[in-house]
Amino acid sequence: MTLEICSNITGITTNPHNTALTPGGSSGGESAALQALYGSPLGIGSDIDPGGSIRSPAANCGLYGLKPSTGRLPLIGCVSYVLECETIIRTLRPISPTFSGIGLFMKMIIESKPWITDSMMLPIPWRDQDEHIHRDNKKLTVGVMWTDDVVAPAFPTPAPLHNTSRYWGYTSLFNLLDYSALVFPVTKVDPERGAKDATYTPKNEFDSWSYEHYDPVKQKDAPVSLQLVA
């Protein structure tokens, strides 16, 4: 897991919305070069994703990125350097410029009944969104997590400047819990509306680093995203 992308061959990968910013990682090339520039309608991330290697670049580049819970997408045919030695079980993850692209990918894979050939899969069929949410006439309950009490979310949310990415607590938490999590774009950084709060007191050294390196002028037009967890 790495939150920025740099190659000895191609150099630093930049964010297409603002080249002073990182596209995130570890799938930053997929998000920046292909998805955000509409070079591809859909990308697939793999490997262990201990912290959000699809959701981080999706958030930084204004895309949709889904981390399903384990046992939903097949891993047969995938290669990993930590195969069978995982501390956190890996899962495939789609990333797309559109929400419908994520839905289409998940629907096609699950309707193929991957549990027939992959014993690690859960035999749970694809469920219609409306029928699943409104089953038994129960109301949908939504909670809001304003902060994890470690780092204020104002900095981790917009794409950071190069060499300032340090925190992935808002994504890695849900890997540990094995919850499904979807990142989706909401708006972009506006220097006036997103001005730094001069009265804010950082909670700790991590929060202080994030506060000091948040610059709404330099991060202008950086996508701002939210994460839906279920």
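The name an unreviewed UniProt entry assigns to the protein chain is Amidase domain-containing protein, from the organism Penicillium hordei. You can read under Sequence similarities (unreviewed entry) in the UniProt record for the protein chain the words "Belongs to the amidase family."

*Asks:* Looking at this structure, I do not really get the nonpolar core. What am I missing?
*Replies:* A general feature of soluble globular proteins is that nonpolar side chains tend to end up buried together. Counting residues in hydrophobic clusters, the biggest one holds nine residues: Y64, L66, L73, L92, I102, F105, M106, I110 and L182. Those elements that provide at least two residues to this core are strand 4 (64-67) and helix 3 (99-111). Among the elements that take part in this core, helix 3 stands out by supplying four residues, more than any other. Contacts of I110, omitting those with residues within four sequence positions, involve R72, W115, I124, P125 and W126.

*Asks:* I keep staring at unusual backbone geometry and nothing clicks. Help me out?
*Replies:* For N163, which is not a glycine, the phi torsion comes out positive at approximately 65 degrees. Relative to the helices and strands, N163 resides in the loop between helix 4 (129-133) and helix 5 (169-177). In this structure, D178 is a non-glycine residue whose phi angle is positive, near 60 degrees. Its location among the elements puts D178 in the loop between helix 5 and strand 6 (181-188).

*Asks:* Would you take a moment to explain the environment of S26 for this structure?
*Replies:* Secondary-structure assignment places S26 in the loop between strand 2 (11-12) and helix 1 (28-35). For S26, a relative accessible area of 33% corresponds to the partly exposed category. Between the C-alpha atom of S26 and that of I54, which follows or precedes it by 28 residues, the distance is 7.1 Å.

*Asks:* Looking at this structure, I do not really get the pattern of salt bridges. What am I missing?
*Replies:* Within this structure, the stated rule accounts for two salt bridges. Between K107 and E111 there is a salt bridge, with its nearest N and O atoms 3.0 Å apart. One end of the pair, K107, and the other, E111, are both in helix 3, four residues apart, so they sit about a helical turn from each other. K107 sits in the partly exposed class, given a relative accessible area of 33%. Among the salt bridges present, the one from K203 reaches D149, with a minimum N-O distance of 3.9 Å. One end of the pair, K203, is in the loop between strand 6 and helix 6 (205-213); the other, D149, is in the loop between helix 4 and helix 5, with 54 residues separating them in the sequence. Classification of K203 by relative accessible area gives partly exposed; the value is 46%.

*Asks:* Would you take a moment to explain the packing of aromatic side chains for this structure?
*Replies:* Here a ring pair, both rings aromatic, is described through the centre-centre distance and the interplanar angle of the planes. Going through the model one piece at a time under the given rule, you end up with three aromatic pairs. On the numbers, 6.0 Å between centres and 55 degrees between planes, the contact of Y64 with F99 is tilted. Pair noted here: Y64 is in strand 4 and F99 is in helix 3, with a separation of 35 residues, a long-range link. Look at Y200 and Y211: their rings are 5.7 Å apart centre to centre, the planes differ by 40 degrees, and that puts the pair in the tilted class. Separated by eleven residues along the polypeptide, Y200 in the loop between strand 6 and helix 6 and Y211 in helix 6 bring together distant segments of the chain.

*Asks:* What am I meant to see in helix 3 here?
*Replies:* An α-helix turns once per 3.6 residues; consequently, residues spaced three or four apart project the same way. The first and last C-alpha atoms of helix 3 sit 18 Å apart over 13 residues, in line with the 18 Å expected at 1.5 Å per residue. Here helix 3 has its buried residues at G101, I102, F105, M106 and I110. Mapping the buried residues of helix 3 onto a view down its axis gives an arc of 150 degrees, with all of them on the same face. In helix 3, those exposed residues whose orientation departs by more than 90 degrees from the buried face are S100, L104 and M108. Of the surrounding secondary structure, the elements contacted by the buried residues of helix 3 are strand 3 (43-45), strand 4, strand 5 (93-96) and strand 6. Residue K113 follows helix 3 closely and has a positive phi angle near 55 degrees.

*Asks:* Which parts of the structure should I look at to understand the sheet that holds strand 5?
*Replies:* Spatial strand order, 3-5-4-6-7: five strands in an open sheet with antiparallel pairing. Only two strands of the sheet have a single partner each, and these edge strands are strand 3 and strand 7 (223-229). Neighbour to neighbour, the strand axes of the sheet diverge by 25 degrees on average, direction disregarded. Both strand 6 and strand 7 contribute to a ladder of seven bridges, which runs antiparallel.

About the cut-offs
- Residues numbered from 1 in each chain as written.
- Predicted model: local features only at pLDDT ≥ 70, side-chain atom pairs only at ≥ 80, totals over all residues.
- Heavy atoms only, no water.
- UniProt positions renumbered as here; feature names shortened; annotations may be inferred.
- Core = buried A, V, L, I, M, F, W, Y, C linked by side-chain atoms within 4.5 Å.
- Buried < 20%, exposed > 50% of the residue type's maximum accessible area, 1.4 Å probe, protein only.
- Helix = DSSP H or I, 4+ residues; strand = E, 2+ residues; numbered from the N terminus.
- Contact = heavy atoms within 4.5 Å.
- Salt bridge = Lys/Arg side-chain N within 4 Å of Asp/Glu carboxyl O.
- Phe/Tyr/Trp six-rings, centres within 6.5 Å; stacked < 30°, edge-to-face > 60°.
- Expected span 1.5 Å × (residues − 1).
- Arc of directions from axis to C-beta.
- Pairing = 2+ DSSP bridges.
- Axes fitted to C-alpha atoms, helices over the stretch in contact; angles between N-to-C directions.

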